[in-house]
Amino acid sequence: MSRHLEVREVLRRITASARRLLGGEYAALGVPDDHGGFAQFVVDGVTDEQWKAIGPLPRQHGVLAAMLHESGPVRLDDVRGAPAFGGWPDAHPELGAFLGMPIVDPDHAEDEPAVLGVIYLANKQGGGGFTDHDEELLRILAAHAALALSNARLYERGRELTLAGERARIAHDLHDAVSQKLFSLRLTAKAAAKLVDRDPARAREELAEVARLAAEAADELRAVVVELRPAALEEDGLSATLASQVQVLDRAHTADIAFAADRVRALPQTQEAALLRVAQEALHNALRHSGARRVTVTLAGTPTRGAVLRISDNGRGFDPESVRRAGRHLGLASMRDRAAAVGGRLTLDSAPGQGTVVEMEVPGA
């Protein structure tokens with residue numbers, strides 16, 4: 001459970017593990033919302049067709065609601081005999097033996113709910129009811145589930161903050177680059193209009209400058225659009241995602257951009273996300289600041305089951321120490337932080353007139 005960082009996947013793993021561990025015919029996990037319903041409700045042992053026939057997510061009523069206010073387990077020989085039982089939809093399977101366990105946040109603040117969710121088990125396979133041993137197993141599982149669910153929620157909140165930061169950076173790029181280009185373009189166009197009659201030669205020069213500025217503004221906008229495109233990292237993997245983004249950038253820019261991969265194994269999601277972000281940052285720098293005619297991106301597996309990402313360009317290069325002293329970081333601190341966060345390392349090699357190479361290596365899982 002703890003290996004997964006998506007809340008929905010963690011909930012699914014908890015539910016499936018509970019049903020398998022306790023030998024229940026059905027299992028469910030409900031996470032309450034603030035409006036009398038469930039924000040998420042995951043089931044195991046019910047087919048997709050059955051779930052669709054049952055209808056919308058349950059409301060907080062009956063035994064389900066009672067469990068949200070319990071600090072301990074509820075074990076029943078037949079849930080239908082419980083005072084709080086309120087029935088179920090026609091397509092719902094018949095339930096008998098029942099065991100419910102709250103998932104309690106051990107570190108909850110006073111103004112936050114203590115119960116993160118509830119695990120429900122029904123119909124002990126082989127007949128009979130759930131036992132003291134089953135209850136103790138589910139208690140242990142719920143304790144692990146609380147940690148895994150809290151961890152996944154923190155990860156998703158962190159990712160939201162990261163996305164907000166990325167949006168802020170893109171907005172900054174739009175303001176600093178594109179809007180300035182468009183402002184210059186407008187002034188140059190006005191100058192050309194005034195010169196058309198009295199100095200046609202100068203007017204042609206100004207119009208040529210208009211064309212150049214328009215092309216640069218278009219390149220800047222294309223780059224921003226590429227960065228806004230959602231990466232298909234989870235579905236396609238790192239190699240395919242990088243190849244797709246390089247292909248789009250190659251079409252959008254005059255520079256020749258190439259990608260190659262060699263013996264790359266699947267990596268943990270956090271490592272792949274860090275490698276992708278570093279590649280995007282390095283490509284951003286190469287295409288906007290270096291004047292490179294060629295940029296090469298390579299991704300290669302290592303003998304230790306890790307990976308090495310390398311982005312090289314034949315641009316004008318720079319003196320990293322001078323850039324650091326001038327306070328122009330070019331995202332280097334961000335790239336190093338991303339590498340360090342996943343146990344990797346980042347190196348940069350550049351000099352005036354000699355291009356730039358950014359390399360990031362991450363260890364194997």
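Please read these numbers as outputs of a predicted model, since none were measured by experiment.

So, on to the sheet that holds strand E6 (residues 256–262). Read from one edge to the other, the open sheet built from 5 strands follows the order E6-E7-E8-E10-E9, with strand pairing classed as mixed. Edge positions in the open sheet fall to E6 and strand E9 (345–350), since each of these has one partner strand only. With strand direction ignored, the average angle separating the axes of adjacent strands in the sheet is 10 degrees. Relative to strand E7 (residues 294–301), E6 is paired through 7 bridges, and the arrangement is parallel. Following the sheet pairing, Ala261 is matched in E7 by Leu299.

Counting buried positions along strand E10 (residues 356–362) yields 5 of 7 residues, so the element is predominantly enclosed. Across 7 bridges, the pairing between strand E8 (residues 307–313) and E10 is antiparallel. Looking across to E10, one finds that Leu309 is bridged to Met360. The sheet contact formed by E9 and E10 spans 6 bridges and is antiparallel. From the neighbouring strand, Thr347 faces E10, where its bridge partner is Glu359. With antiparallel pairing between neighbouring strands as the criterion, E9 and E10 make up a hairpin whose turn holds 5 residues, including Gly353 at a positive phi of roughly 80 degrees.

Relative to the 21 Å expected for 15 residues at 1.5 Å per residue, helix H7 (residues 238–252) spans 21 Å between its end C-alpha atoms, a close match to the ideal helical length. Leu238, Thr241, Leu242, Gln245, Val246, Val248, Leu249 and Ala252 are the residues of H7 that are buried. With its buried residues spanning 160 degrees around the axis, H7 presents them on a single face.

Calculation criteria
- Residues numbered from 1 in each chain as written.
- Predicted model: local features only at pLDDT ≥ 70, side-chain atom pairs only at ≥ 80, totals over all residues.
- Heavy atoms only, no water.
- Pairing = 2+ DSSP bridges.
- Helix = DSSP H or I, 4+ residues; strand = E, 2+ residues; numbered from the N terminus.
- Axes fitted to C-alpha atoms, helices over the stretch in contact; angles between N-to-C directions.
- Buried < 20%, exposed > 50% of the residue type's maximum accessible area, 1.4 Å probe, protein only.
- Expected span 1.5 Å × (residues − 1).
- Arc of directions from axis to C-beta.

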